[in-house]
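Secondary and tertiary structure notes
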Protein chains: 2
Amino acid sequence: MNSHELFHTLHQLSRHFTNHLNEALKPFGLYSAQWAVLFVLKTKGTLSQKELCDYLFVEAPPMTRTIQRLVKQGYVRQVPGKDKREKRIILTEEALLQYPKWERAVNEANRYLLEHLPETSQKELLTLQKSWLQKLL
Amino acid sequence: MNSHELFHTLHQLSRHFTNHLNEALKPFGLYSAQWAVLFVLKTKGTLSQKELCDYLFVEAPPMTRTIQRLVKQGYVRQVPGKDKREKRIILTEEALLQYPKWERAVNEANRYLLEHLPETSQKELLTLQKSWLQKLL
DNA sequence: AGATAATAGTTACCTAGGTAACTATAATAG
DNA sequence: CTATTATAGTTACCTAGGTAACTATTATCT
């Protein structure tokens, strides 16, 4: 089994997707990492930065930066929690207003990337990836 | 089909592997991007920077940086080609000497990451990934 | 041959994400 | 209650990789 090739192709796929997603988000002044945060907030509701980190498996420093950019763009607010150390992140009205447009662009990008991969392969891949990740964590 | 989840897990796997590989290479003062270059040079022989870029699907600027670090560490030399624009990249004696140690560390890291993924799953994943990549390029 | 276009590589600057060191607050042990 | 420890977040700095703009060389077109 050629493990180098397995890791290499996975890495390339990942980069390719990120680039494509960034391209799709460009018209809205957003980047992939920001979209990940917006998506989670829209899906799961308000979360603290720590919870966002845990959910996205990202360290705290990059999350701070991503959120600070979203704050600057007016898509997110940082509200002190009951525990004064934590900051709860809330989508703004503006973000909720723009979200459907962003989502359409992202879905279109994903559709393009998955276009030639049969539905059965997609499901197989997802299953394999999930079980692999689970075993690693 | 949840495309978000498919891309998200793939992205996380990729980050996880890179982190693990960097950890394994740390004792040797090397990073994953450098290892990728060293591996290709050892496997395919001397290449120009452009050929390295094409093979690794990386843009020229990051390749320049990675190679400059390898030059500084004495693991690679840049030799002007017949075409005076291009630079051919050659592994040094020192790199050839150290290579087996690096390879052992990388193989051990890969072995660990693949440990709980059955051989059949590995092959399936590789097949799916390769066919997906091919359709995208 | 000479002007123009294409190519290899570099530099500057951007986002993504990692660690180490730090601050402020909360939780806990004595 | 106080001292210590743990936690949330930030800052500084590192590598990885992307685009845009640039230089030097080669290829091409008239």
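Residues numbered from 1 in each chain as written. Chains lettered and ligands numbered in written order. Predicted model: local features only at pLDDT ≥ 70, side-chain atom pairs only at ≥ 80, totals over all residues. Heavy atoms only, no water.

If you check an unreviewed UniProt entry, chain A appears there as Winged helix DNA-binding protein from Neobacillus thermocopriae.

Observations concerning the side chain of Ser3(A)
Looking at the element boundaries, Ser3(A) is found in helix 1 (residues 3-25). Look at Ser3(A) and you get buried, because its relative accessible area is 12%. Reaching out from Ser3(A), the side chain makes a polar contact with the side chain of Asn110(B) at a distance of 3.2 Å. (Helix = DSSP H or I, 4+ residues; strand = E, 2+ residues; numbered from the N terminus. Buried < 20%, exposed > 50% of the residue type's maximum accessible area, 1.4 Å probe, protein only. Polar contact = N/O pair within 3.5 Å; in protein donor to acceptor, adjacent residues only side chain to side chain.)

A closer look at the layout of surface pockets
A water-sized probe rolled over the atoms picks out the places where empty space is left. Taken as a whole, the largest pocket spans an internal volume of roughly 1,300 Å³. Lining the largest pocket are 42 residues, and of these Leu56(A), His8(B), His11(B), Gln12(B) and Arg15(B) sit closest to its centre. Taken together, the elements giving at least two residues each to the lining of the largest pocket come down to helix 1, helix 2 (32-44), helix 3 (49-56), helix 4 (60-73), helix 5 (93-114) and helix 6 (119-136) of chain A together with helix 1 (3-25) of chain B. Per-element accounting of the lining of the largest pocket gives the leading share, 11 residues, to helix 1 of chain B. Split into classes, the residues belonging to the lining of the largest pocket amount to 21 nonpolar, 16 polar and five charged. The volume enclosed by the second largest pocket comes to roughly 1,000 Å³. Phe7(A), His8(A), His11(A), Ala36(B) and Leu56(B) are the residues nearest the centre of the second largest pocket, which is lined by 39 residues in total. When residues of the lining of the second largest pocket are traced back to their parent elements, those giving at least two are helix 1 of chain A together with helix 1, helix 2 (32-44), helix 3 (49-56), helix 4 (60-73), helix 5 (93-114) and helix 6 (119-136) of chain B. Residues that form the lining of the second largest pocket fall into these classes: 20 nonpolar, 13 polar and six charged. (1 Å grid on protein atoms, 1.4 Å probe; cavity = no way out; pocket = protein on both sides within 12 Å on 5 of 7 lines; lining within 4 Å. Points joined across faces, edges and corners; volume = space filled by probe spheres on them. Nonpolar A, V, L, I, M, F, W, Y, C, P; charged D, E, K, R; others polar.)

Topic: helix 4 of chain B
Residues and elements named next belong to chain B. Here helix 4 contains 14 residues, and its C-alpha end-to-end distance of 20 Å stays within 8% of the 20 Å for a straight helix at 1.5 Å per residue. Taken residue by residue, helix 4 has Met63, Thr66, Ile67 and Leu70 as its buried positions. Projected onto a plane normal to the axis of helix 4, the buried residues spread over an arc of 95° and lie on a single side. Looking at the residues trailing helix 4, positive phi occurs at Gly74, about 80°. (Expected span 1.5 Å × (residues − 1). Arc of directions from axis to C-beta.)

Let's talk about the protein's contact with DNA strand C
Among the 27 residues in the neighbourhood of DNA strand C, the closest are listed as Arg65(A), Arg69(A), Lys50(B), Thr64(B) and Lys87(B). For DNA strand C, the fraction of atoms within 4 Å of the protein that belong to sugar or phosphate moieties is 70%. Between DNA strand C and Glu59(A) there is a distance of 3.1 Å, counted from a phosphate oxygen to a backbone nitrogen or oxygen. Those elements that place two or more of their residues in the surface near DNA strand C are helix 2 and helix 4 of chain A together with helix 1, helix 3 and helix 4 of chain B. It is helix 4 of chain B that provides the largest number of residues to the surface near DNA strand C, a total of five residues. Of the residues contributing to the surface near DNA strand C, the split by class is seven nonpolar, seven polar and 13 charged. (Near = heavy atom within 4 Å.)

A short note on the packing of aromatic side chains
Evaluated as defined, the whole model comprises 14 aromatic pairs over all chains. With a centroid separation of 4.8 Å and an interplanar angle of 75°, the aromatic rings of Tyr75(B) and Trp102(B) are classed as edge-to-face. Separated by 27 residues along the polypeptide, Tyr75(B) in the loop between helix 4 and strand 2 (76-80) and Trp102(B) in helix 5 bring together distant segments of the chain. Accessibility expressed as a relative area gives 12% for Tyr75(B), which makes it buried. Here Trp102(B) falls in the buried class, since its relative accessible area comes to 1%. Three or more aromatic residues link up through ring pairs in this structure, and these residues are Trp35(A), Phe39(A), Tyr75(A), Tyr99(A) and Trp102(A). Here the basic side chain of Lys42(A) rests over the ring of Tyr99(A), its NZ or CZ set 4.8 Å away from the ring centre. (Phe/Tyr/Trp six-rings, centres within 6.5 Å; stacked < 30°, edge-to-face > 60°. Lys NZ or Arg CZ within 6 Å of the ring centre and 35° of its normal.)

A word on the UniProt feature "domain: HTH marR-type" (unreviewed entry) in chain A
Here the UniProt feature "domain: HTH marR-type" (unreviewed entry) sits at residues 3-137 of chain A. As a span, residues 3-137 of chain A carries 73% helix and 9% strand, and end to end its C-alpha atoms are 20 Å apart. (UniProt positions renumbered as here; feature names shortened; annotations may be inferred.)

Some words on the relation of the copies chain A and chain B
Overlay of chain A on chain B (RMSD 0.0 Å): rotation 180°, translation along the axis 0.0 Å. The symmetry that links the two subunits is that of a two-fold axis. Interface overlap between copies: 100% of the residues of chain A at the interface are likewise at the interface in chain B, consistent with a symmetric, same-surface contact. (Least-squares fit on C-alpha atoms with pLDDT ≥ 70 in both. Contact = heavy atoms within 4.5 Å.)

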